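# Observations on the model geometry
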Amino acid sequence: MEDDFFNVLDAKRELRQGIVECQKRGLVYSVKWLAEMCHGLADVDIDGEDEKDNFGIKMLEGIAPKEYDNYFLAKSYFDVREYDRAAHLVRNATSPVPRFLHLYATYMAVEKRRLDSTTDQSNLNDSGHFKDLGEILVTLRAEHSRNNLDGYGMYLYGVVLKALNLNQAAQQIFVQSIRLVPMLWSSYVELAPLIEEKEKLQALNFGGHWMKRFFIAHAYIEMYLNDEGLKAYEDLQAAGFRDCVYVTSQMALAYHNKRDVDKAIEIFQVLQEADPYRLDNVDTYSNLLFVKELKTEMAELAHKAVGINKYRPETCCVIGNYYSIRSDHQMAIMYFQRALKLNPKYLAAWTLMGHEFMELKNTNAAIQSYRKAVEVNKRDYRAWYGLGQAYEILKMHYYSLYYFKIAHQLRPYDSRMLVALGETYEKLDKCQNAIKCYSKACDVGDIEGIAMYKMANLHEKLGDYDLAANCYATYCDDERAATDKQSLYHGYMTLANFYENKGEYDRASYYAYKCLESDDRKSEAKSLLKTIENKRSGKIIAIRGVSTGCSLSKANVDTSSDDDMDMELSDYKFPSLDYLGKSRILPGTGNEPGSSFKSTHRTATNVNEAASTSTRATLEPLSVTIARRRAPLTDDMSLSESELTSNTSIPTTYTVSTNTNSRHNLPTTTTAANASSTNPADDEDEDTHSMEISSISID
């Protein structure tokens, strides 16, 4: 950066001046952020006589003396949300501050009418709303062409362009606004979702102002570059902003994204003690408590949030999580809908409501919720992943593949996305691509510890028994495999059969004896051990359909019980496992495998599959159960398939209800951010059926 260091005295002066300027224009969220930053520098003393004398002068800068009365009255109307009255009162103003207030009040009146008239959360955008915004856009464009817009006017111009999906133009306007008014935090916040790559972020030219450091740290967290974001915020703390609650909360979000749940909870608890009435990011805190299944803490947090402000979207989200952890999914959905009534663009509620519909097996309503989430934020990998999972349940695998690819592009180092892609490729009989996905999942650190098992399963299905044996040995040696007993014993039995066929009886016995602990595998293991004993003693046998040239007499058929077994565990000297060559090493992730859908869906959904009982020659595919997992392929691994067309459109939004028996309507068009040029296959069409998500009014 151009400014490795900055003077905190100058920073605090600029923060105070920014507070005054934003207050005059009604930019309340920027005022809040700037005030928090300024409060974090409370130990920096800049108060003097000059500062006090200049405060009154600054409050009147940008307002013509003859417009004082109209401006102050209009500002009072604006503060009590009477936006039309405020806009009308200063409609003929010419000085910068009242003129901006007129334009901003006009925009806020349009937004308020849209929210007040919204009876169905599925209608985030309608033609009437676009028409009203178009009229504002014409005015702002004319003002811009005459160079009558200052930095604050440029910000509003950018907001309208972004609302009309003119993102490229909006990005340029926001950059101009920041260069003119570097203290306007709202411009940075609106710009951040439009920056999709780290290289693009670094190429932005804001000048050398120190506020750029806050924006870059914020953008890193938005792009899930959590390590870079943490480093940036640590540098800001070292520069003097150690006591800023905003900086601390952003670090908690970074740890949340990294799935370091304990560390994130610890930071949020510190924030709760420092600012007990703060509701910002409290929804994320409740997600963390949900993942850890801390029901008591969840209940306390919900009661506390209701006591502070029951009509905040974050409060409704906390209550929804509380009902969800109690498995009352209908009540959870009701509170998420209430949050969306308060703020239709509240991303967390759309995604979490989709998870709740999945719990209720209402796949169609879940798809609608996830699609609305990606309309709000196209970089929400959880929503893209949820769409992939929903279509996977519907057995529409080309659609599923498309959405999992987008989720992977957003989270290229998340093994859950890679495992999801691998399973989808496997269902489409593209086994080599599936193996690449499972292999990459192991390389990046398999969170759930199932990628190696799936890769072994697939190698066995393809007849690559040596590779399958290596993978099974690696999987069985992973301590996380012990939580999935069925898969673990399947791996042991497969290895025992493999080495018995190769004549390596010590190894075969080692794994067969491990299977004696399983009720399902015990008889098969005893039969194999009996076979090994007979082969060691030189008897002529033919067992389990594998002939050695002579028939097996009835006297040699194993009918032994636990009491009359001819072999005991102590009869064998088990070989060391050092000879088992591991094809890859699975680094520990700290996440338990086999997590339920309910306990992990706040960070991403998962579909666990349990291995079915299989013969030595064949492995059955794993059955799908609803849970949260998965992640995408890196850039060096091409996943484009010939069966996907070059059309970049994806299914369009349709209306759904909570009727779980309704049939699914195949989508047809939408835009995906950062998505590959693929389109789901057209051959998975179904009958159209309209459904609606009912809105919940606030008591």
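Residues numbered from 1 in each chain as written. Predicted model: local features only at pLDDT ≥ 70, side-chain atom pairs only at ≥ 80, totals over all residues. Heavy atoms only, no water.

What counts is decided by this rule: UniProt positions are given in the numbering used here, feature names are shortened, and annotations may be inferred rather than shown by experiment.
An unreviewed UniProt entry lists the protein under the name Cyclosome subunit 8, with Glossina palpalis gambiensis as the source organism. UniProt lists a comment for the protein under the heading Pathway (unreviewed entry), and it reads "Protein modification; protein ubiquitination." The protein has a UniProt comment under Sequence similarities (unreviewed entry) that states "Belongs to the APC8/CDC23 family."

## Quick word on helix 2 (residues 28–40)
Each α-helix turn comprises 3.6 residues. Residues three or four places apart therefore point the same way. Short version of the rule: Helix and strand assignments follow DSSP, with helices taken as H or I runs no shorter than four residues and strands as E runs no shorter than two, numbered in order from the N terminus. The length a helix should cover is 1.5 Å for every residue beyond the first. Relative accessibility decides the category of a residue: with a 1.4 Å probe and only protein chains considered, values under 20% of the type maximum give buried, values over 50% give exposed, and everything between is partly exposed. By definition, residues are in contact when any of their heavy atoms lie within 4.5 Å.
In a regular helix each residue adds 1.5 Å, so 13 residues correspond to 18 Å; helix 2 covers 18 Å between its end C-alpha atoms and thus fits that length. Within helix 2, burial applies to Ser30, Val31, Trp33, Leu34, Glu36, Met37, Cys38 and Gly40. Turning to helix 2, the residues buried within the fold contact helix 1 (8–25), helix 10 (185–191), helix 12 (211–222), helix 13 (226–241) and helix 14 (245–257).

## So, the UniProt feature "repeat: TPR" (unreviewed entry) in the protein
The feature "repeat: TPR" (unreviewed entry), as annotated in UniProt, sits at residues 313–346 and 347–380 in this numbering. Taken end to end, residues 313–346 has its terminal C-alpha atoms 7 Å apart, with 79% of it in helix and 0% in strand. As annotated, residues 347–380 comprises 79% helix and 0% strand, and the C-alpha atoms at either end are separated by 8 Å.

## Comments concerning the packing of helix 13 against helix 14
The test is simple: Each axis is a line fitted through C-alpha atoms, taken for helices only over the stretch in contact, and angles between the N-to-C directions span 0 to 180 degrees. The labels follow the angle: roughly parallel below 35 degrees, roughly antiparallel above 145, roughly perpendicular from 65 to 115, and oblique for the rest. Definitions for this section: a left-handed crossing has its near helix turned counterclockwise from the far helix by less than a right angle. A right-handed crossing has that turn clockwise.
Between helix 13 and helix 14, the least distance of the axes is 10 Å, while the angle of their chain directions is 160°. Overall, the two elements helix 13 and helix 14 adopt an arrangement that is roughly antiparallel. Relative to helix 14, helix 13 is oriented so that their crossing is left-handed. In this structure, helix 13 uses Asn226, Leu230, Tyr233, Glu234, Gln237 and Phe241 to contact helix 14, whose residues at the interface are Tyr246, Val247, Thr248, Gln250, Met251, Ala254, Tyr255 and Asn257.

## Some remarks on unusual backbone geometry
Note on backbone geometry: most residues besides glycine have negative phi, and most peptide bonds are trans. Phi is positive for Asn165, which is not a glycine, with a value near 65°. Locating Asn165 in the fold gives a position in the loop between helix 8 (151–163) and helix 9 (167–180). A positive phi angle, close to 60°, is found at Tyr224, a residue other than glycine. Within the secondary structure layout, Tyr224 lies in the loop between helix 12 and helix 13. According to the relative accessible area criterion, Tyr224 is buried, its value standing at 17%.

## Things to note about the environment of Ala264
Here Ala264 shows up in helix 15 (residues 261–274). Judged by its relative accessible area of 0%, Ala264 is buried. In sequence terms Ala264 and Tyr285 are 21 residues apart; their C-alpha atoms lie 8.0 Å from each other.

## Side note on the pattern of salt bridges
Our working definition: The salt bridge definition used is simple: a Lys or Arg side-chain nitrogen within 4 Å of an Asp or Glu carboxyl oxygen.
Enumeration according to the criterion identifies 31 salt bridges in this entry. Residues Arg379 and Glu222 are paired through a salt bridge, measuring 3.8 Å at the closest nitrogen-oxygen approach. Within this pair, whereas Arg379 is found in the loop between helix 21 (363–376) and helix 22 (381–393), its partner Glu222 is found in helix 12, the two being separated by 157 residues in sequence. A residue is classified by how much of its surface remains accessible, and Arg379, at 7% relative accessible area, is buried.

## A word on the packing of helix 15 against helix 16 (residues 282–291)
This is how the line gets drawn: Residue type decides the class: Asp, Glu, Lys and Arg count as charged, Ala, Val, Leu, Ile, Met, Phe, Trp, Tyr, Cys and Pro as nonpolar, and the leftover types, Gly among them, as polar.
In the contact formed by helix 15 and helix 16, the axes pass within 10 Å of each other and the chain directions differ by 135°. In terms of axis orientation, helix 15 runs oblique to helix 16. Our pair here, helix 15 against helix 16, has a crossing hand that is left-handed. On the side of helix 15, the interface is formed by Val261, Ala264, Ile265, Phe268, Gln269 and Gln272, while helix 16 contributes Val282, Thr284, Tyr285, Leu288, Leu289 and Val291. Looking at side-chain class alone, the contact of helix 15 with helix 16 contains nine nonpolar, three polar and no charged residues.

## Quick notes on the state of the cysteines
Formally: Working definition: a disulfide is two cysteine sulfur atoms within 2.5 Å of each other.
Applying the stated criterion to the full structure yields zero disulfides. Summary of cysteine pairing: Cys317 is not part of a disulfide, and the nearest cysteine sulfur, belonging to Cys316, is at 8.7 Å. Exposure remark for Cys317: the relative accessible area of 0% places this residue in the buried category.

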